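# Architecture at a glance
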Amino acid sequence: MNDSYLYIIIALLPLAACMVVFQVNPYHALVIRGILGAVAAMVYAVLGAPDVALTEALVGTMLAITLYAVAVRSSLVMRLGLLKDEAEDEQHFGQLMDDLRKIFRKRQMRLELVPYPNTQALERALMDKEVHATCVRREQNHATSEDEKQFYHTAIRVKRIYEIMQTELTSPATILSYVNTPAEGEKHK
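The sections below set out a description of the structure shown in this document.

Rules used throughout
Residues numbered from 1 in each chain as written. Predicted model: local features only at pLDDT ≥ 70, side-chain atom pairs only at ≥ 80, totals over all residues. Heavy atoms only, no water. Pairing = 2+ DSSP bridges. Helix = DSSP H or I, 4+ residues; strand = E, 2+ residues; numbered from the N terminus. Axes fitted to C-alpha atoms, helices over the stretch in contact; angles between N-to-C directions. Patch = residues over 30% accessible without salt bridge, like charges linked within 9 Å, V, L, I, M, F, W, Y side chains within 5 Å. Areas by Shrake-Rupley, 256 points an atom, 1.4 Å probe, with all protein chains shown as cover. Salt bridge = Lys/Arg side-chain N within 4 Å of Asp/Glu carboxyl O. Buried < 20%, exposed > 50% of the residue type's maximum accessible area, 1.4 Å probe, protein only. Phe/Tyr/Trp six-rings, centres within 6.5 Å; stacked < 30°, edge-to-face > 60°. Lys NZ or Arg CZ within 6 Å of the ring centre and 35° of its normal.

## Overview of the sheet that holds strand β2 (residues 110-116)
Across a sheet, paired strands are connected by hydrogen bonds in the backbone, their directions being either parallel or antiparallel. With mixed pairing, the five strands of this open sheet are ordered in space as β2-β1-β3-β4-β5. The two strands at the open ends of the sheet, each matched to only one other strand, are β2 and β5 (174-178). Within the sheet, the average angular offset between the axes of one strand and its neighbour, ignoring direction, is 25°. In terms of strand pairing, strand β3 (residues 133-137) meets strand β4 (residues 152-156) through five bridges, oriented antiparallel.

## A closer look at a nonpolar patch on the surface
Where nonpolar side chains cluster on the molecular surface, the patch consists of L54, L58, V59, M62, L63 and L67 and spans about 590 Å² of accessible area. Looking at where V59 falls in the secondary structure, it is placed in helix α3 (residues 50-75). For V59, a relative accessible area of 47% translates into the label partly exposed.

## Description of the packing of aromatic side chains
The way to describe two aromatic rings as a pair is by their centre distance and the angle between their planes. Enumeration according to the criterion identifies one aromatic pair in this entry. Between Y162 and Y178, the aromatic rings sit 5.9 Å apart at their centres with planes inclined by 45°, giving tilted as the arrangement. In this pair, Y162 is assigned in helix α6 (residues 159-168) and Y178 in strand β5, connecting sequence segments 16 residues apart. The exposure class of Y162 is buried, given its relative accessible area of 14%. For Y178, a relative accessible area of 33% corresponds to the partly exposed category. Here the guanidinium or amino end of K159 rests over the ring plane of Y178, the centre of that ring lying 4.6 Å away.

See below:
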């Protein structure tokens, strides 16, 4: 009996595994992980282990993909805190949000705007790690000539997000700053 087709199918396992590891887009990795599980289940079934094939199909593929999809969807959100009345009619704010969405879309991230009633609640949300960054309107009466176009101040508590925004944000509408938040143990002292 000629089993060359079996060797070709088995060769797909390490190929699919490498594709999952090196995939940049998490949604593409999710699809490739599903293909990897289906190929593994098929190999187990052809080799005479239907119980292992069924377990791989149900647990290794379906459950793992479902849990991974939930984790990917919830972790790829950048939460930006802002004051409730701040974003309603400002043209510069809309342009800034469009620029931020474009930057994070390249990294398969969503920008979620979280409104707060006052500045104290907004600052507390940043320190309590409810949001990743805050964006507030700057007082223009203290602006120098070079700062006149910078209408907003964006404080960011996640170092990597700060680095991304610092290098890729071309909008002059905001000043960026990194805020070092206290660790969990330091907060309760």
